[in-house]
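# Structural description and commentary
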Amino acid sequence: MKGDGDFRSAEVIKPRNESDIIITNPPFSLFREFFAWLMEANKKFIIIGNKNCITYKEVFPFFKKNKLWIGYGFNGGNAFFKTPYTENFADGVYNRETGLVKFRNVVWITNLDHGRRHKPLPLMTMADNLKFSKHKEIKRKKKYAKYDNNEAIEVPYTDAMPSDYNGIMGAPISFLDKYCPEQFEIMGMCENLDLYKLKTKVYTSEECRKAYFEKFGKQGAYDLNASGVVYKNDLLEKAYQRILIKRKGAKK
Ligand SMILES: C[S@@+](CC[C@H](N)C(=O)[O-])C[C@H]1O[C@@H](n2cnc3c(N)ncnc32)[C@H](O)[C@@H]1O
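Residues numbered from 1 in each chain as written. Predicted model: local features only at pLDDT ≥ 70, side-chain atom pairs only at ≥ 80, totals over all residues.

## A short note on the site of the ligand
Taken together, the neighbourhood of the ligand is formed by G5, D6, F7, N25, P26, P27, F28, L30 and F81. Taken together, the residues that form the shell around the ligand break down as 6 nonpolar, 2 polar and 1 charged. (Near = placed C-beta within 6 Å. Nonpolar A, V, L, I, M, F, W, Y, C, P; charged D, E, K, R; others polar.)

## Considerations on the nonpolar core
Counting residues in hydrophobic clusters, the biggest one holds 43 residues, and the most contacted among them are V155, M169, A171, I243, L244 and I245. Elements that contribute at least two residues to this core include exactly helix 2 (31-41), strand 2 (44-50), strand 3 (69-70), strand 7 (106-110), strand 9 (169-172), strand 10 (184-189), strand 11 (229-232) and strand 13 (242-247). Among the elements that make up this core, the one with the highest residue count is strand 10 (4 residues). In terms of domain composition, this core takes at least three residues from each of domain 1 (10-117) and domain 2 (126-247). Dropping the residues within four chain positions of it, I245 is found in contact with M169, A171, F184, E185, I186 and M187. (Core = buried A, V, L, I, M, F, W, Y, C linked by C-beta atoms within 7 Å. Buried ≥ 20, exposed ≤ 12 C-beta atoms within 10 Å, placed from the backbone. Helix = DSSP H or I, 4+ residues; strand = E, 2+ residues; numbered from the N terminus. Domains from an automatic or database assignment. Contact = placed C-beta atoms within 7 Å.)

## Examining the domain arrangement of the protein
What the domain assignment lists for the protein is domain 1 (10-117) and domain 2 (126-247). Averaged C-alpha coordinates put domain 1 and domain 2 at centres separated by 28 Å. Across the boundary between the two partners, domain 1 contributes 11 residues, which contact 11 residues of domain 2. Mapped by element, the contributors of at least two residues to the side of domain 1 that touches domain 2 are helix 3 (60-64) and strand 3. It is helix 3 that provides the largest number of residues to the side of domain 1 that touches domain 2, a total of 3 residues.

If you want it as structure tokens, here you go:
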């Protein structure tokens with residue numbers, strides 16, 4: 001190469017356009033730009049990304065449309081890399097014995113099909129979850145919590161997804177590791193802009209401030225509109241980031 005190998009340079013765009021499959025570990029700091037470069041190429045690909053990138057508004061719509069998915073590997077998001085630059089890493093990240101550096105929350109993102117994504121999750125019915133779930137947030141509750149600001153129910157664990165619920169469910173981001181498109185449909189995300197038209201309420205600034213004060217006992221900003229919101233002990237509480245899904249073929 002004559003240039004510096006920047007993926008945006010004509011020298012790198014040329015082999016991109018001539019390739020069949022793009023496989024790389026791109027710079028995370030330029031992920032949005034790299035992702036646009038990748039999708040514009042319209043090729044098969046398998047790349048490494050941080051789990052957070054799934055929720056970017058530039059990326060998530062492709063997951064929703066089943067244009068890409070999580071690949072197979074990096075158990076629990078843990079990835080081990082060999083690098084000559086070991087002095088940059090703290091002990092605990094760099095293991096002197098193995099010579100490997102450990103990264104967390106790493107996923108493969110790909111549009112190459114693989115068998116694991118067609119394996120439906122074994123799930124219990126809603127009634128059985130409420131009776132037998134191993135999660136204290138579900139077990140012995142009368143029902144699943146419903147969001148105050150969209151029509152879904154809150155399901156804090158992928159394995160607590162009720163198999164017989166026909167409405168929309170808010171699932172953890174890690175659900176996508178287990179997502180089988182024959183079993184579920186991705187409807188959208190809990191997010192600020194109502195990109196997926198699933199919000200039933202938008203809180204005023206005054207309501208956000210009041211909710212913060214009531215929950216934390218001090219002044220502060222509580223951006224309720226960025227998340228699904230549930231009532232907990234009669235107080236409004238933001239749920240963690242959620243993906244909104246429903247059973248494949250279920251009526252909305
Ligand atoms: C996550 S690291 C991956 C390194 C190596 N490919 C690997 O898998 O171990 C991302 C790499 O992208 C390089 N990089 C940063 N900006 C870039 C750019 N604009 N074009 C091409 N590569 C870039 C970084 O120097 C870094 O080596």
